[in-house]
Every structure is written in C-alpha cells, then in structure tokens.
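# A structural walkthrough
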Amino acid sequence: MLNFLKKLFSSAPPPDFNSMIHEGAIILDVRTPREFQSGHIKGSKNIPVEQVKSKLQEIKKWNKPVITVCRSGNRSGVAKSILLSGGVEAVNGGPWNVLQQQIQS
C-alpha cells in the first residue's frame, strides 16, 4: 500500500518517450492482432498481453528498453509489470494513439 501511495503522489516527471525512442526503445503494442491491424504506431511490435510472459526470453534478446501500449493503458500496465519482474526495462506508454500524438509533436 505504501508503494502505491508513493507512486500516486510522486513528483517524478513522466518519461521522455521521444528521447527513449531516439535512443532505441521498442514500442510493444499488447493489444490483440485484430486491434493492432486496425491502427498502430509505425515500427511497433505486437505481442498480445496474454503472450508477454511466454515471450519474455524473446523480448529480453531485444536488449532494449520497452514502451508498452494498448487501447486504454490497462493492458500495457500489466505488460509493463510482467516485463519488469522478468528483468526488462519497461515503461507504460498508455493508449497507443495518445503516445503516437506525443511522439509526433
């Protein structure tokens, strides 16, 4: 509970997604393939959230930080937690279309 409160009231600045991408971070879209096909960030990879744990070794081989995205930010938050617990540097980018606008501006 204390960690939750710390995060809730943390004054840490949000990640600089443009810098992360410029430095090689991979955008991992954890929506279903059908959702991904309906629109996604150019260059992003699609691994549905249900498969992230089973694909952890493959993701680790990327040897890059990962920005997770989905439709609302919920599934990407779950994926971020799975990746962090597996030793992968990861941040939740939230909704894919919001991140797309942020990195294009």
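Before reading on, note that the structure itself is shown above.
These remarks concern the structure in this document. Because the structure is predicted, anything quoted here is derived from the model rather than measured.

## Remarks on the overall build of the chain
A tally of regular secondary structure across the chain gives 7 helices and 4 strands. Moving toward the C terminus, one meets the helices and strands of the chain in the order α-α-β-α-β-α-α-β-α-β-α. Every one of the 105 residues in the chain was classed for burial, and the buried ones make up 38%. When contacts within the chain are restricted to residue pairs at least 6 apart in sequence, long-range pairs at least 24 apart make up 61% of them. Of the roughly 6,800 Å² of accessible surface on the chain, a fraction of 52% belongs to carbon and sulfur atoms.

## Let's talk about the pattern of salt bridges
Scanning the model with the defined rule gives 2 salt bridges in all. Here R31 ties to D29 by a salt bridge, and the two come within 2.8 Å at their closest N and O atoms. Residues R31 and D29 agree in their burial class; the two are buried. R75 is paired through a salt bridge with E35; the nearest N and O atoms lie 2.9 Å apart. Here the residue R75 occupies a position in helix α6 (residues 74–85), and E35 occupies one in helix α3 (residues 33–37), the gap between them amounting to 40 residues. Taking the relative accessible area as the measure of exposure, R75 reaches 23% and is therefore partly exposed.

## Some points on the sheet that holds strand β1 (residues 26–29)
In spatial order, the strands read β2-β1-β3-β4; together these 4 strands make up an open sheet with parallel pairing. Looking at which strands have only one partner, the edges of the open sheet turn out to be β2 (45–46) and β4 (90–95). Each of β1, β3 (66–70) and β4 touches helix α7 (residues 96–104); the most contacted strand, β4, lies at about 100 degrees to it.

## A few points about the environment of W62
One can find W62 in helix α5 (residues 56–62). Owing to a relative accessible area of 16%, W62 belongs among the buried residues under this scheme. Residues W62 and V88, spaced 26 residues apart in sequence, show a C-alpha to C-alpha distance of 9.7 Å.

Conventions we followed
- Residues numbered from 1 in each chain as written.
- Predicted model: local features only at pLDDT ≥ 70, side-chain atom pairs only at ≥ 80, totals over all residues.
- Heavy atoms only, no water.
- Helix = DSSP H or I, 4+ residues; strand = E, 2+ residues; numbered from the N terminus.
- Buried < 20%, exposed > 50% of the residue type's maximum accessible area, 1.4 Å probe, protein only.
- Contact = heavy atoms within 4.5 Å.
- Areas by Shrake-Rupley, 256 points an atom, 1.4 Å probe, with all protein chains shown as cover.
- Salt bridge = Lys/Arg side-chain N within 4 Å of Asp/Glu carboxyl O.
- Pairing = 2+ DSSP bridges.
- Axes fitted to C-alpha atoms, helices over the stretch in contact; angles between N-to-C directions.

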